[in-house]
Every structure is written in C-alpha cells, then in structure tokens.
2 protein chains.
Amino acid sequence: MSSAKATNRLIYLPLGGAGEIGMNCYVYGYGPAGNERLIVVDLGIAFPDMDTTPGVDIILPDISWLKARRNQIDGIFITHAHEDHVGAVGHYWQQLGAPVYARPFTANIARRKLEEHGASPKVVNVVDPYPHVISCGPFKVSYLPISHSIPESAGLLIDTPGGRLIHTGDFKIDENPVVGDPWNEALWQEVSKPGVKALICDSTNVFSQHAGRSESTLTPAITEMMRNATGMVVATTFASNVARLQTLATAARDAGRSIVLLGRAMRAMVEAATNEGLLEGFPAVVSVEDALSLPRQNLMLLVTGSQGERRAASAQLAQGSYLGMKLKEGDTFLFSSKIIPGNERGVIKIMNQLSELGVDIVDDEGGKYHVSGHANRPDLVRMHEIVKAQILIPMHGEHRHLRAHAKLADANGMTGIVAVNGMMIDMSGNRPKVAEYIETGRTYLDGSVQIGALDGVVRDRIRMALNGQMIVTVIIDENDEVLGDPWVEISGLPEIGRNNVPLVDVVEEDLGQFLGRAHPKTLADDDKLDKELKMIARRSAQGEIGKKPEVTVIISRLA
Amino acid sequence: MSSAKATNRLIYLPLGGAGEIGMNCYVYGYGPAGNERLIVVDLGIAFPDMDTTPGVDIILPDISWLKARRNQIDGIFITHAHEDHVGAVGHYWQQLGAPVYARPFTANIARRKLEEHGASPKVVNVVDPYPHVISCGPFKVSYLPISHSIPESAGLLIDTPGGRLIHTGDFKIDENPVVGDPWNEALWQEVSKPGVKALICDSTNVFSQHAGRSESTLTPAITEMMRNATGMVVATTFASNVARLQTLATAARDAGRSIVLLGRAMRAMVEAATNEGLLEGFPAVVSVEDALSLPRQNLMLLVTGSQGERRAASAQLAQGSYLGMKLKEGDTFLFSSKIIPGNERGVIKIMNQLSELGVDIVDDEGGKYHVSGHANRPDLVRMHEIVKAQILIPMHGEHRHLRAHAKLADANGMTGIVAVNGMMIDMSGNRPKVAEYIETGRTYLDGSVQIGALDGVVRDRIRMALNGQMIVTVIIDENDEVLGDPWVEISGLPEIGRNNVPLVDVVEEDLGQFLGRAHPKTLADDDKLDKELKMIARRSAQGEIGKKPEVTVIISRLA
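Residues numbered from 1 in each chain as written. Chains lettered and ligands numbered in written order. Predicted model: local features only at pLDDT ≥ 70, side-chain atom pairs only at ≥ 80, totals over all residues. Heavy atoms only, no water.

(A) A look at the sheet that holds strand E11 (residues 163-167) of chain A. Residues and elements named next belong to chain A. If you trace the seven strands from one edge of the open sheet to the other, you get E8-E9-E10-E11-E12-E20-E21, paired in mixed fashion. Both edges of this open sheet fall to strand E8 (134-136) and strand E21 (415-416), since each of them pairs with a single strand only. Direction of pairing for strand E9 (residues 139-145) relative to strand E10 (residues 154-160): antiparallel, over a ladder of six bridges. The residue of E10 that forms the bridge with tyrosine 143 is leucine 156. Each of E11, strand E12 (198-202) and strand E20 (391-395) touches helix H13 (residues 377-387); the most contacted strand, E12, lies at about 165° to it. Against the sheet, helix H14 (residues 399-411) makes contact with E12, E20 and E21, and its axis sits at roughly 160° relative to E20, the strand it touches most. (Pairing = 2+ DSSP bridges. Helix = DSSP H or I, 4+ residues; strand = E, 2+ residues; numbered from the N terminus. Contact = heavy atoms within 4.5 Å. Axes fitted to C-alpha atoms, helices over the stretch in contact; angles between N-to-C directions.)

(B) Just the confidence of the model for chain A, in detail. All names here are of chain A. With 99% of its residues at a pLDDT of 70 or more, chain A shows a mean pLDDT of 95. In this model, residues 1-5 is a region of pLDDT below 50 whose contacts with residues beyond four sequence positions or in other chains number two contacts. Interface scoring of the predicted complex returns ipTM 0.94; its pTM is 0.95. (pLDDT = per-residue confidence, 0-100.)

(C) Structural detail: the relation of the copies chain A and chain B. Take chain A, turn it by 180°, move it 0.1 Å along the axis, and it overlays chain B with an RMSD of 0.2 Å. Classification of the inter-copy transformation places it as that of a two-fold axis. When C-alpha positions in chain A are compared against the rotation axis, the closest is assigned to Ala465(A), at 2.7 Å. Of the residues that chain A buries at the interface, 100% are likewise interface residues in chain B, meaning the two copies contact each other through the same surface. (Least-squares fit on C-alpha atoms with pLDDT ≥ 70 in both.)

(D) Structural view of the interface of chain A and chain B. Across the boundary between the two partners, chain A contributes 59 residues, which contact 60 residues of chain B. Between chain A and chain B the total buried area reaches about 5,100 Å² when both faces are included, carbon and sulfur atoms providing 58% of it. At the boundary of chain A and chain B, one finds 12 salt bridges. Salt-bridge contacts for Arg345(B) lead to Asp49(A); the nearest nitrogen and oxygen are separated by 4.0 Å. Applying the counting criterion to the chain A and chain B interface returns 36 residue pairs in polar contact (both at pLDDT 80 or more). Every element with two or more residues in the side of chain A that touches chain B is listed here: helix H12 (344-356), H14, strand E25 (449-452), helix H15 (457-467), strand E26 (469-476), strand E27 (482-491), helix H18 (526-545) and strand E28 (550-557) of chain A. Of the residues assigned to the side of chain A that touches chain B, the class counts are 24 nonpolar, 17 polar and 18 charged. (Buried area = accessible area lost by both parts, 1.4 Å probe. Salt bridge = Lys/Arg side-chain N within 4 Å of Asp/Glu carboxyl O. Polar contact = N/O pair within 3.5 Å; in protein donor to acceptor, adjacent residues only side chain to side chain. Nonpolar A, V, L, I, M, F, W, Y, C, P; charged D, E, K, R; others polar.)

(E) Fine view of the environment of Gly342(A). With respect to the secondary-structure elements, Gly342(A) resides in the loop between strand E18 (332-335) and H12. Beyond its immediate stretch of four places on either side in the chain, Gly342(A) contacts Glu344(B) and Arg345(B).

(F) Main features of the pattern of salt bridges. For the structure on display, the rule yields 52 salt bridges over all chains. The shortest N-O distance in the salt bridge between Arg345(A) and Asp51(A) comes to 3.7 Å. Taken together, the positions of Arg345(A) in helix H12 and Asp51(A) in the loop between strand E3 (37-41) and strand E4 (58-61) put the pair 294 residues apart, joining distant regions of the chain. Residues Arg403(B) and Asp360(A) are paired through a salt bridge, measuring 3.2 Å at the closest nitrogen-oxygen approach. Here Arg403(B) is found in helix H14 (residues 399-411), whereas its partner Asp360(A) is found in strand E19 (residues 360-362) on a different chain. The buried category is assigned to Arg403(B), whose relative accessible area is 12%. (Buried < 20%, exposed > 50% of the residue type's maximum accessible area, 1.4 Å probe, protein only.)

(G) Summary view of H14(B). The terminal C-alpha atoms of H14(B) lie 18 Å apart, and with 13 residues this matches the ideal 18 Å at 1.5 Å per residue to within 8%. Burial runs high along H14(B): 10 of the 13 residues are buried. Among the residues making up H14(B), those that are buried are His399(B), Arg400(B), His401(B), Leu402(B), Arg403(B), Ala404(B), His405(B), Ala406(B), Leu408(B) and Ala409(B). If you follow the buried residues of H14(B), they end up packed against H12 and E19 of chain A together with strand E12 (198-202), helix H13 (377-387), strand E20 (391-395) and strand E21 (415-416) of chain B. Of the residues one or two after H14(B), Gly413(B) is the one with positive phi, at around 90°. (Expected span 1.5 Å × (residues − 1).)

(H) The arrangement of the side chain of Asp379(A) in detail. Residue and element names in this part refer to chain A. Position of aspartate 379 among the secondary structure elements: in helix H13. There is no salt bridge for the buried aspartate 379, and the closest opposite charge comes from arginine 382, which lies 5.2 Å off by N-O distance. Those residues in contact with aspartate 379, other than ones at most four positions away along the chain, are Ile173, Ala211 and Gly212. (Lys, Arg positive; Asp, Glu negative; His and termini not counted.)

Okay, here's the thing in structure tokens:
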C-alpha cells in the first residue's frame, strides 16, 4: 500500500488567474505522475483592452493541456457566477466534456451559457453545500458557502488520498452580507480541524491593509443620499452584485422612489436572483414608459455600465438619452462601485459627459458607497489562522499579489509558494515543489474564431494602429517588365507630408524611379522585389511624414 | 472716455486645458470687440493614449484662431516648465511670433525647445517676479511666485484697463516646499487688496477634500525607507519634480547610498536645476560604471518612467537591465509618484515585472511617499478668500473639475462660470457672459506632421486595430474584362476561419463568383465595383470569422 501511494502524486496547476485578475482556471490532480485524475476549478474569461488586445471580444485561458487529457477529467467545479470564473463554460465545455458542478444560482448562469453554445444545460449538476460530498474520481469535494460580491459563492473542500485541500474561491469575511451566506467561522474551523495540506487562497486585496467592511455598512450612507437627492437618482454597480442591488433598491423605496432597471444584464440578474429566491422583499420595479410620467424625485434608475462600458446604459444616458430617459441639471448619478484598473479612461469620460449635462456625480468617495468583495490583508491572515494549512498557494492575483501573499503566509508559519499559470506544483511531499512547466497562455475569441495570443494577428493590428498602413501595388507583365506605374494607397496616414504634396505622390515617384532602373533579376523575384519596395516605401514615408508605416506590397504578374 | 471704454471689452478664451488636464493654452484680450490686443498664457501639450490616439506623438491645442490673429498678439507668458504648459512653445512659436516671457528655470526649458525647432532662444525674455511689471500692449503683467511640483512656478497678475485679473497657474499652498518659492500669503493679499475682477484658478484637485500636505512632510518616511532597505533602492518620480529629487537624494546620502541618475530626462533636469542654482547641496552622483562596483546597499538609482512609459529607465530595468544595471531579489523599487489616470496598465505591468524579479515594490501608499502639486479643495477656498474676486473662472481641469470648482465659488460668494475650450467669456460687465463660441479642438503631431483630430487619420487606425484590414486586388483589362482571379491579402485577421480553410481562399472564391457574373457596366465603373467588392468581402469575412474587416479595394486597369 505505501509503495502504491509513493507512485501517486497530488498536483495543482493554474491555467488562468495566477498572474492576472481574470480568466480563472485551476486544475487539481491525483494519481500516477503524468496520468493523474483531474478536476477543474472554474472556467473564466478576461476582458480585452485597446493597449494590448484591440478588436478582441474576450480572452480565455489556453486549455490545450486539458484538452489533450480530456479522458482524465472527472469534473468541473464552478465556485461562483462571475464572468472571470464561469464565463468560459459555454466556449469550452464541449472540448472538455466532464460534468459541471455548481450551487443553484451559479448553475442558473452556467446553464444559460451552455445553451447559448448549443450544449445541454443538463451537464450542470446543482449541488448542496457542505456537508454534502461530491465523489469525483479520487476527489471528494464539498462546497463551503462564503460571502463575496455575488450570491452563493463558495470555497471548495477537496479531500484527496494525498491530503485535504481548501480552495477559497473569491471571498470576503462578511458577517452581514445583506444577501446570501454570512461568514460562518465555525464551518471553516470544522473543516480545518482534521489538518489541511494546502490552502489555495484569493490574493486580490493583499495590499489592502485594513480589515474589510461588511456590505451592510453601506446602507445608512446610501439611504441618506437617496433621501437628500432632489432630482432623479441613477445608480450603477455590477449587475451581479445582488446584495448591492438590494441595498440600493431598499434605500430608494425608503426615499419614496420607484425603481427602474436599465440594461439587459441588470434586468436579467434581478430576474435570475428573484427566481432563485435570493431577492425577497425587493421593491416592485416600474417600466420605463411608466417612469416617464413620474416626478423625477420619485425615481431611481438602476443601470449597467459601472466600468464605463461603451454600449451600456450608463454610457448611453451620459450621451443624452436611453430608451427615452434623459438626465438633466439637478439629477444625481451614483457610482456604487470602484474602477477596475485599466477602465479609468472610460469611466472618467462618462463622468465628464454627465457633468456637461449638469448632473451631480457621487462616486465611491473612499468607501462610503462601495465595499470590496475580496478579503483584505487582515482577513487573509484570519483565514490563514483558521485553516492552519501546511502550504499556502496564492491564487486570483497578478504576480505582485501572489508574491506578497506568499510572503505573508511565510511570515505566518506556512510554506508559501508562488505558482503562476503553467507552473505545476507537486504537493505530495513535505514541501511543495515545481513539478513541471506547462506551455500555456491566452486564447482570444475574435469574432467567431479562437486565436492564439501569439499568432501575430493582434500584434499586426497594434502595428497598424501605431504606424498606419500603406499598400503598394505593382503589375509585372509576361516579360518580367513593369506595366504602368506603381500605385500607393494609404490608411491611417496623413495625406499631405512636409513638402505640402500628397504623400502617395512622393512615394509613387520614389518607387517608380527604383523600378525604372531595377535589375531584371530583381523584377523576376517576388521576394526580393517585395523587400526592396517595402524598404523604399518606408524610407520615402519617413522622409515625408516622419513615420515608417506598415507596408503591404502586392505584385500582380500577368501570366 | 467712458464712451470709448464702453466699446472695449475684456475677454478670456481657453484654447486648451479647460475640459481636460493637459495642453494648457489661455488667451486674454482687451480692446474693441473682434479687434482686441491679446496675450497668451501657456502653450502646452497633452499625451496620447492607445484608446483614442494610437500612434500619435503628442497632442497640441488647435490654435487656428490665434494664428489668424497673429498681429494682435503682444506676448506669450509661460507660468512654469511642465510639458502641459511649455511643451508646445517649440512647435508653435513660429506660427505666433510674439515675445515669450518666463522666469529663469522655465526660460531655460523653453529655450531648449525653441532651439530644437530652429527658432532663436532670444525670443524668450527672462523675467523677475512681482513687483516687476511687464508692459505688454494694454496689459501689465507680473509674475507671482507660488509653489508647485516644479521650481519657479508662478501665477500671473494681469492688470488691464478693464480691471485686475489673477491667473493662478498650477499651484499648491506649501510653506516649506524643500526647493523653490514657499507660499507667500502676504504677497497674494497685497495684490488682491485693490480689488480683483476675476480669479482664473487651477481646478485639478477640487475633489480632494483634505488640505494639501507640504513637500517637506515626505522627508521622514523617505529617509526611513532608504535606511531600512537592505539591497539597492530604485526611486522614480517626475524628473521635473526637483524638490522630490532633492528629498530622495538627501535621504539616500543620509542612508549611505551613492546616487545614480538613469534616464535622459533625469540627467537633463538635474543639470538644468543645478545650473539655475536650485539644487544647492545636492549630493554628488556616480556614474553607472562606478556604481557597478559598489555594494548594492550603498546605491540609490533615481530613474525616469514613473508613469510606466514604455522606453523609460523604469520599464527597461523591470524588463531585466538598463545600461548594465540589473535588479534582483532584495532590491526595493519606490514609486514616489501617483499614477495619472489612464496610465494604470503601464505602471502595473512594470510592478508585476519587478515582482517577478523578486524586487520589493513600495508605492504611494496613500500619500506616505508622494504629495500632490495642486491645491486641494480647502486650499482653493483659502485662495478664493484671499483674492475675493468678483468672478471665478475655473481652469486646468476636466469638465467635472471645472463644474465642481464653479459651484464651490458660487457657494463662497463669487460668480463662478464654467468656460470650456473655445468658449470666449466677456468679463467687461458686472456679470461674466459667453461672448462667442470659437471653433477649436486638438491638433496631433504625428511623426513630423501636424494633423487635425477630426481628419479621420486616427479614426482609420482605430478601425484597423479593431476590425483588421483586408486588401482586395482586381485587374481589369483593356476590354473591361477581369484578368485572372481577384487577390486577397489580410493583416490583423485570423488566417483560418470556421470552415478550417484559409479565410482568403473563401473570400477570393466569393469575389471570383461575383466577378464571373458581374454586369459589364459594373466592371466599367470603378466606384460601383469598389462598393460591391467591399460589400462581398465584408459579408464573406463575417460568415467565415464573425468579423467585418476594413477593406481596401485596388482596381488596376490596363490602359
């Protein structure tokens, strides 16, 4: 028995979420090295930005490693319904094929995604929380309810022959979360009692030094704000923050305001949460049509677009109107949210547009109208102390978060280890060690196609955006002689250069001169001709506009 | 006399900086309506970003209105040497031609810029501060020293026949600014005593509720940090923040660390500040070569790139090495700066790269290692109360800042008016009023060419970045018949679509089919053919990759 055990190993492999905040995907394995049975925890997405991923629709973890081991996968466990945890389920399920497990609200969201991709919603198994156990290959998994900024979040208790693991999922310690499961310290103590091999732990707020605040602490300030506002109030937050929707709606009702839901995601989320029985006592909402006939001071619009998303309700209201609703002087716009780093430009643009309309903007104001859904540093320490695991593996963070969290664990007597995407950790022995480096990365959904982040497609887009594009066309006849003049078209480049004549004229002139005296061997050789024409076009543009464009050369040979 | 006066007016016209933080350019005028004598205050630039201005080098205010009134301009007054105030002097001086005024340090910087553009540095007049008066057409202007995050900043006292104006420039109230002019309340009281028509006032920090802190308050924390660090310390801040350089350097010296300057701007600024006698007692610096042979704990590198600029010293150090200096485990990197909104992605990228190297990162930490150079709300109120102007015109701010500042002024008994770029304010009467709306906007320096923001060049780049680019080539012979097959090239698009065949093959096939049955009239008509081919190419791509690319059609006709 002990010799059989010695050949098995217990592994952890992050494929997404360890080295970024987004596209979470963690793999646990147990069995003979290279032939472990596997479970997947979360299948999330990340969102593109103009700096690094222009034109991309969504970013997915590269799961090639999992696809090649499809037959080893015993289950997919989704911890909660945020897009960075559940967003890739629809895109990837058919490539993995294992049963999906989730609590009811999360299952509701996951099923919609599967249906959108033509998969059966039945592959999702709705689970009860601990002490219910899901047996899945060598793993016994229980859902541990915990508070976060979306209902029915859970950590996972994962029992393996190699030891007990606790994967926190995204969490905060909140004893009064307004909606959903309050922090249950006794539960976490109970599951930690038998001894925990490794705690795999949310790292998002490791740099926040003060203990986190409860969702319920926002109620007085939000209520007061709704009462004092003289015109219409518009409030935005993540639609999935159901507790916040409840707080905002209750405050509105108490201030004599009817509630209007604007934005597809907002309406869908309130519907889903109501169906799952999470929003008991949510005030009645009125339609936009009805709202238009009510006094402004009796309205509170709950809208999507807290991150400045271009097409969301917030952005459209800021631009003038949305479904006939218009903002004006005396109205108040509440951002009950924080700006996710990288979204500042979009949010600030909306704030300035609102300002131009005369709308008063109320933002986070250092926490008065928003609390985070993640555990701050002191809360992480509290979790460390309860679980008392041998190993601490930080997850859900950029490198700086993981590193700081591992250091914190070391300081608290655990063995912290930084494992970024692709780094397989062997937890079998007394100390964790890196077993393998797996080739991994990001996959882009671009239109309807999945492309690799390193395919060069996005790199070419960025180059065109930075340098502009020039197209050179040359026709060569049957005798390898140039027919007519070279032709230049530009896109994203100034039409007139420093000599105050059209840029294309100058470049065509330079190309024509070259072609006029080009060696027949050059004219007969596509590669050589392409290279020469590109060089001349770039040099010519550099002289004229001080910029070397991307150049595409098209040589048409008359056969 | 009173009737002559009645035909003159006193105007204020912001051309940049009122509706954004950046590219400051304010015009004051006095004289007969439409024929005022003018002075320009500041000629600054703004910086591009990938979201809205990819590939652009710098952003300048559109000064067409000024160029058309070149003969009315009596002087250009630069308040301080930040790029958003002095950066356009080189680019624009020859188009305006008026004498430039500045205090010595600012003049030093302005002259370098003029020389880079082939203009004479002599056009810059070095001025003494108040009570010295510069007579300039109907204006009498004095420089009022005030503290900010760069030496020798100044507000302007502008006396006109229509009344006294005070233009604050960028400022903070700092009685102990380490380097440069301390806040001199008596001076500002004195110039305000005769009565001030209008206060044109910095609005940047109107949302910061607490009184600003002095530059000197940073010294203890920075000194302690330098002493406690065990390895090499790298510190970054704006090179132009000479007081901060002084604080960092003094702390380094006290901690037994030699100072190394990395980055062109850092070396240039220390040189300029030393030449102007501003950096007395600045510790000796050592070369990189010498530094390489010193123990790490005896070094402090002062480096450029606090905003994550891609080619700056910080970015290069984070990527591995810069001029042979390498960071490693145990070193400390101090961001003695805040992130300007919009630069988060770049700065965070560097932080994560440093984390991968094992470097400890120390950031602003809520003000421990950085203070702002702008007056916070209570400081603005203090300025309002000292100057007691009739009119308050907020400047140097986005719309939301200007609006909040005008409201604050109203609450304090002044008449606040929001004037954004292009809005000419007539201050002649008892209440300010909008006299005209001037067409204005932004000019982009792109390579060596100045292009208009609305020319469509940048719009085309953004479209290529979002949608990718497809080039369709067709050759038509002398008889208006298609010669050979259409040819498609792509750039920034996936090569393989959903049918698992090359995208270009599918599009070429669709285009070929269309051309095969196209009406001779269509083939003879370039515009029609272009339109049809574009439509088919886009539709074909949409079916194949779920995305409609930008399409350029090149029709070559054999004459």
